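Read off the chains here:
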Amino acid sequence: MVTYVQAIKGKKRDPGVIPLHGNVGFEGMRKAGNLTARALDMLTEHVRPGVSTGELDRLAFEFGRDHNAIPATLFYRGYRHSICTSINHVVCHGIPGNKVLREGDIVNIDLTLIYEGWHGDSSRMYAVGKISTKADRLIKITYESLAKGIEAAVPGNTTGDIGAAIQQHAESERTSVVRDFVGHGLGHLFHDEPNIMHFGTPGSGPELKPGMIFTIEPMLNLGRPHVKVLNDGWTAVTRDRSLSAQCEHSIGITETGNEIFTSSPASIFNPQNPQ
């Protein structure tokens, strides 16, 4: 039995209860999501051969500081950086540092900025110079799969409908969907109910209701879906070292469909295919 409650800042909820946000929540998420999207737009020109992931992290931190926002990952459960930088076979949670980007790399940059108490969470794929045909194809399918999931995120559908739409498209294109990481509710909290799996059965899971806010963030591999976490406790990689890609939006369910909070102001959410 799923329980839905009106979200109230500071009021504790029982585990498994899904919050429903009103106009205040949607307006807060618009601001936070827009700021995160602007930061990711800004990083686009800096993702090039010879630039270190640590430099990208510095730029993201300074952008947040200059706009009165705080990176949600900074000191989150001991994490010490503002972004995650996941290169090539790194699935997610890659740690910025001295590693320098090379021609042909693909990198996912994941950023969550907290603005006026609200979390804007998004990630994108970036190509470093000229990339291989297979890498370009994987990125394309990953973005298409996210779009399929968002299309299914409408009131009356279920969380399982989102996952099924993503899985059907990804597997029809001979890629695999990572099972180990999921999308999640967010708002005043970084991670909230419900969990959004990127695979599943149509009609399963909680019903989508107006006021729900969550991320959809599919991770697709060119090889098998299996991953492992390295000894640093964060970095997840493909077990077969195949390429991996991810993209993410924060959305809210409306009376008639959904609203994307993290759309790119410069129309470059997918830097490979600006539109």
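What comes next is a walk through the structure. (Residues numbered from 1 in each chain as written. Predicted model: local features only at pLDDT ≥ 70, side-chain atom pairs only at ≥ 80, totals over all residues. Heavy atoms only, no water.)

1. Concerning the pairing of strand β10 (residues 192-196)
- Where strand β9 (residues 183-185) and β10 come together, three bridges link them in antiparallel fashion. Residue glycine 185 lies in a different strand from β10, and its bridge partner there is aspartate 192.
- What sits between β9 and β10 in their antiparallel hairpin is a turn of six residues. (Pairing = 2+ DSSP bridges. Helix = DSSP H or I, 4+ residues; strand = E, 2+ residues; numbered from the N terminus.)

2. Topic: the pattern of salt bridges
- Applying the stated criterion across every chain yields a total of eleven salt bridges.
- Across the pair glutamate 55 and arginine 58 runs a salt bridge whose closest N-O atoms are separated by 2.6 Å. Remark: arginine 58 and glutamate 55 occur in helix α2 (residues 53-66); sequence separation between them is three residues, near one turn of the helix.
- Relative accessible area serves as the criterion here: at 35%, arginine 58 is assigned to the partly exposed category.
- With a closest N to O distance of 2.8 Å, glutamate 62 and arginine 58 form a salt bridge. Of this pair, glutamate 62 and arginine 58 both sit in helix α2, four residues apart, which is roughly one turn of that helix.
- Counted as one network, the salt bridges with shared partners bring together Glu27, Arg30 and Glu259. (Salt bridge = Lys/Arg side-chain N within 4 Å of Asp/Glu carboxyl O. Buried < 20%, exposed > 50% of the residue type's maximum accessible area, 1.4 Å probe, protein only.)

3. Some details on the state of the cysteines
- Applying the stated criterion to the full structure yields zero disulfides.
- Among the cysteines around cysteine 84, which has no disulfide bond, cysteine 92 carries the closest sulfur, lying 7.7 Å off.
- Looking at the unpaired cysteine 247, the closest cysteine sulfur is the one in cysteine 92, lying at 13 Å.
- For cysteine 247, a relative accessible area of 0% translates into the label buried. (Disulfide = S-S within 2.5 Å.)

4. Re the nonpolar core
- Residues Ala153, Ile162, Phe214 and Ile216 are the most contacted members of the largest nonpolar core, which totals 31 residues.
- Those elements that provide at least two residues to this core are β2 (18-20), β7 (118-127), α3 (133-152), α4 (159-172), β11 (213-216) and β16 (249-253).
- For this core, the element with the most residues is α3, which contributes eight residues.
- Membership of the second largest hydrophobic core comes to 20 residues, among which are Leu43, Phe63, Ala69 and Tyr126. (Core = buried A, V, L, I, M, F, W, Y, C linked by side-chain atoms within 4.5 Å.)

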